[in-house]
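Working through the structure, step by step
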Amino acid sequence: MSRFLVFTLLAIFIGCGKSDQTGKSEAGAAGGTSIPARIVVIGPSTAETLLELGLRERIAAVSDFCLDPRADGLPRIGGQFDPNLERITALNPDLVIVQGGNPKVRSLCSQLNIRFLSFQTDSLNGWFDEVRELSKLFEAEEAGDEILNSFQTEIAQFKEAASEQRPGVAIVISRDGARSMIAVGSGSFLHELLEIAGGRNVFASNEHSYFDLAEEALLQAAPELLFDLSAMAISPEISVDSIHSQKGSAQPAAANTKDPFLALRKAYPQLPAVKRNQLYALNQDYVFLPGPRMLMTLRTFRNQLIAE
């Protein structure tokens, strides 16, 4: 997970305040009622949803941070904050989709009479609504229903298998050593996935999606397990492959290697997660994305909770 992508996603959801849990789009310029044939999508999660719906041939370009292998070979048009407006114009799209809003892109679409859609998806129900809206727009309702039915079936299986004993878990998505930490509150899809997997978010009382985590609050919450999604979670001397298995499960920091959690261990030796050596790095590109690969994040959470 690139540090810039983390900051981009934080800006989308923190900078915009509490995220829209409905996930509904807002329309910009009207572009006719026909099915869009050339889509520019700025937002990795929405790009992955379109790919999951089988709409790759309609995608004219994606953002630089779309890492889904199915998007390989598609043109790139920059990121959330630095979209290449000239390239977007040259691609002659009939629909531009963004996550979180982008005034420059919206203005461009208005000037060129290009249809514009903006999602701010950070919940399971929000993503379900996004799938329904996109599948209706592209007359792909059958594919959309299949995706949602499969997704909801697996979620139901996880809920049924969850133990009544739920360990207290903290999810940190950004930190500087042991300082300036940002944690996941109950407004985020990551909270929902953790709870479905059988964990208990120790910060569930915080209604924000993501929030600045004070030292006192971390100590008071006393998580038994900590998932670290930040760029700090990997030491330069530890490869991603050595931390994650091919199935995407997390691994604790090994005591006999350069420890990416050393700062946390030194700062919070009394923390239960530190005492139990239950500090886990999740660095897969999809963990921040409220899209079809949320099931992979859910499985990763569940596998580690079972191991715990």
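Above this text is the structure in question.
Cut-offs and rules
- Residues numbered from 1 in each chain as written.
- Predicted model: local features only at pLDDT ≥ 70, side-chain atom pairs only at ≥ 80, totals over all residues.
- Heavy atoms only, no water.
- Helix = DSSP H or I, 4+ residues; strand = E, 2+ residues; numbered from the N terminus.
- Contact = heavy atoms within 4.5 Å.
- Areas by Shrake-Rupley, 256 points an atom, 1.4 Å probe, with all protein chains shown as cover.
- Buried < 20%, exposed > 50% of the residue type's maximum accessible area, 1.4 Å probe, protein only.
- Arc of directions from axis to C-beta.
- Patch = residues over 30% accessible without salt bridge, like charges linked within 9 Å, V, L, I, M, F, W, Y side chains within 5 Å.
- Salt bridge = Lys/Arg side-chain N within 4 Å of Asp/Glu carboxyl O.
- Lys, Arg positive; Asp, Glu negative; His and termini not counted.
- Charge placed at Lys NZ, Arg CZ, Asp CG, Glu CD.
- Phe/Tyr/Trp six-rings, centres within 6.5 Å; stacked < 30°, edge-to-face > 60°.
- Axes fitted to C-alpha atoms, helices over the stretch in contact; angles between N-to-C directions.
- Parallel < 35°, antiparallel > 145°, perpendicular 65-115°, else oblique.
- Left-handed = near helix turned anticlockwise from the far one by under 90°.
- Nonpolar A, V, L, I, M, F, W, Y, C, P; charged D, E, K, R; others polar.
- Expected span 1.5 Å × (residues − 1).
- Polar contact = N/O pair within 3.5 Å; in protein donor to acceptor, adjacent residues only side chain to side chain.

Attention now goes to the overall build of the protein. A count of helices and strands for the protein gives twelve helices and twelve strands. Taking the contacts inside the protein whose residues are at least 6 apart along the sequence as the reference set, 63% of them involve residues at least 24 apart. Accessible surface, the protein: about 13,500 Å² in total, of which carbon and sulfur atoms supply 49%.

Bringing the environment of Glu164 into the picture now. Relative to the helices and strands, Glu164 is located in the loop between helix H6 (141-161) and strand S6 (168-176). Here Glu164 falls in the exposed class, since its relative accessible area comes to 80%. A sequence separation of 34 residues divides Glu164 from Gly198, and the C-alpha atoms of the two residues are 8.0 Å apart.

Within helix H4 (residues 103-112), burial applies to Val105, Leu108 and Cys109. Along the axis of H4, the buried residues cluster in a sector spanning 95 degrees; they form a single face. In H4, the exposed positions angled more than 90 degrees off the buried face are occupied by Pro103, Lys104, Ser110 and Gln111.

Attention shifts here to a negative patch on the surface. A cluster of acidic residues, Glu139, Glu141, Glu142, Asp145 and Glu146, forms a negative patch on the protein surface. Within the secondary structure, Glu146 is located in helix H6.

To continue, consider the packing of aromatic side chains. For the coordinates displayed, the defined rule picks out six aromatic pairs. Summarising the aromatic geometry, the rings of Trp127 and Phe128 are spaced 6.0 Å apart at their centres and angled 55 degrees between planes, so their arrangement reads as tilted. Look at Phe128 and you get buried, because its relative accessible area is 7%. Ring geometry for Phe128 and Phe151: centres 5.9 Å apart, planes at 80 degrees, overall edge-to-face.

We now examine the side chain of Gln278. Summarising the element assignment, Gln278 is placed in the loop between helix H11 (272-275) and strand S12 (279-281). Judged by relative accessible area, Gln278 falls into the buried class, the value being 12%.

Right, let's get into the pattern of salt bridges. Scanning all chains against the criterion turns up eight salt bridges. For Arg70, the salt bridge goes to Asp68, with nearest N and O atoms at 2.8 Å. A relative accessible area of 34% means that Arg70 is categorised as partly exposed. Across the pair Arg265 and Asp259 runs a salt bridge whose closest N-O atoms are separated by 2.4 Å. Considered together, Arg265 and Asp259 belong to a single accessibility category, that of buried residues.

The N-to-C vectors of H6 and helix H12 (residues 294-307) enclose an angle of 15 degrees; their axes lie 11 Å apart at closest approach. One finds that H6 runs roughly parallel with respect to H12. The hand of the H6/H12 crossing is left-handed. The residues of H12 that touch H6, namely those facing Phe151, Glu154, Ile155, Phe158 and Ala161, are Met294, Leu295, Leu298, Arg299 and Arg302. The residue makeup of the contact of H6 with H12, split by class, is seven nonpolar, no polar and three charged.

As a further point, take H12. The end-to-end C-alpha distance of H12, which contains 14 residues, comes to 20 Å, matching closely the 20 Å that a straight helix rising 1.5 Å per residue would cover. Within H12 the residues assigned to the buried category are Met294, Leu295, Thr297, Leu298, Thr300, Phe301, Arg302, Gln304 and Leu305.

Next up on the list: unusual backbone geometry. A positive phi angle is found at Glu139, which is not glycine, with a value near 50 degrees. Structurally, Glu139 is set in the loop between helix H5 (124-137) and H6. Look at Glu139 and you get exposed, because its relative accessible area is 59%. A positive phi angle is found at Ala222, which is not glycine, with a value near 50 degrees. You can see Ala222 is positioned in the loop between helix H8 (215-221) and strand S10 (225-228). A relative accessible area of 29% places Ala222 in the partly exposed class.

Relative to the helices and strands, Gln80 resides in the loop between strand S3 (59-62) and helix H3 (85-91). Classification of Gln80 as buried rests on a relative accessible area of 8%. A distance of 2.9 Å separates the side chain of Gln80 from the backbone oxygen of Gln99, its partner in a polar contact.

Before going further, it helps to spend a moment on the environment of Ala47. Structurally, Ala47 can be placed in helix H2 (residues 44-52). For the pair Ala47 and Ser63, spaced 16 residues apart in the sequence, the C-alpha separation amounts to 8.6 Å. Apart from the residues lying within four places of it in its own chain, the contact partners of Ala47 are Val41, Ile59, Val62 and Cys66.

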